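Residues per chain, in single letters:
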Amino acid sequence: MDVNERIKAVLAEHPMVLFMKGTPQFPMCGFSSRAVQALQAAGARFHPVNVLADPEVRAALPHYANWPTFPQLYIQGELIGGCDIIEDLHVAGELERMAHDVAGVVH
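Within each chain, residues carry numbers counting from 1 in the order of the written sequence. Reporting of local features is limited, given that this is a predicted model, to residues whose pLDDT is at least 70; pairs of side-chain atoms are given and counted only at 80 or more, and all residues count toward the totals for whole chains, interfaces and linings. Only hydrogens and water are set aside when side-chain values are computed; all heavy atoms of the structure are taken into account.

S.K.: Help me out: how do you make sense of unusual backbone geometry in this one?
M.R.: Generally, phi is negative for residues other than glycine and the peptide bonds are trans, each holding for most cases. Note the cis peptide between Phe70 and Pro71, where omega equals 5°. The backbone of Asn66 sits at a positive phi, close to 55°, despite the residue not being glycine. Comment: elements are numbered from the N terminus, with helices defined as DSSP H or I runs of at least four residues and strands as E runs of at least two. Relative to the assigned elements, Asn66 resides in the loop between α3 (55–65) and β3 (72–75). Positive phi outside glycine occurs at Gln76, with the angle close to 55°. If you trace the backbone, Gln76 turns up in the loop between β3 and β4 (78–81).

Here's what the structure looks like:
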């Protein structure tokens, strides 16, 4: 399975995926940390993928998504955006709604 197929498989398996540097418990960059905080504050259940632990995914994902930076949030296989967009959606109350719509909300 090539790297693009692996990315597609992860996106197909999980309704909400955050490709990030590090893990939710130990984010390895400020943007990933802020994205995790916004998702957790919205009560979102998401599948984290540590791109630092998988150099192939880290190299391929910017081309796959046409989005150059990390983190990258996907919902139902669709790229939502990076840290700033995640935070903006949270402030607007949309992130919680989106998470609820995919049945990934923690109560």
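S.K.: What am I meant to see in the pairing of strand β2 (residues 47–50) here?
M.R.: Across a regular strand the side chains alternate sides, sitting on one face of the sheet and then on the other. Strands qualify as paired when DSSP identifies two bridges or more between them. Across 4 bridges, the pairing between strand β1 (residues 16–20) and β2 is parallel. Bridge pairing links Val17 to His47 in β2.

S.K.: Help me understand helix α2 (residues 30–41) in this model?
M.R.: Owing to its 3.6 residues per turn, the α-helix brings residues three or four apart onto one side. Each helix should span, by expectation, one fewer than its residue count multiplied by 1.5 Å. For α2, spanning 12 residues, the distance from its first C-alpha to its last is 16 Å, which sits close to the expected 16 Å at 1.5 Å a residue. Taken as a whole, α2 has its buried residues at Ser32, Ala35, Val36, Ala38 and Leu39. Seen along its axis, α2 keeps its buried residues to an arc of 165°; they face one direction. If you follow the buried residues of α2, they end up packed against β1, β3, α4 (83–91) and α5 (94–101). Positive backbone phi, at 75°, marks Gly43, one or two positions downstream of α2. Whether a residue is buried, partly exposed or exposed follows from its accessible area with a 1.4 Å probe, protein chains only, as a fraction of its type maximum: under 20%, in between, or over 50%, in that order. The arc in question is traced by the directions running from the helix axis to the C-beta atoms. Contacts were defined at the residue level, with two residues in contact if any of their heavy atoms lie within 4.5 Å.

S.K.: Hey, could you run me through the sheet that holds β2 in this one?
M.R.: Picture the strands of a sheet paired through backbone hydrogen bonds; they go either parallel or antiparallel. Spatially, the 4 strands line up as an open sheet ordered β2-β1-β3-β4, and their pairing is mixed. In this open sheet, the two strands that pair with only one neighbour each are β2 and β4. Sheet twist, expressed as the mean angle between neighbouring strand axes with direction ignored, is 25°. Pairing geometry for β1 and β3, over 4 bridges, is antiparallel. Across the sheet, Phe19 pairs through a bridge with Gln72, a residue of β3. Note on definitions: angles span 0 to 180 degrees between N-to-C directions of axes, and those axes are lines fitted to C-alpha atoms, for helices only across the stretch in contact. Against the sheet, helix α1 (residues 3–13) contacts β1, β2 and β3, and its axis sits at roughly 135° relative to β1. The sheet contacts of α2 involve β1 and β3, and relative to β1 the element is tilted by about 160°.

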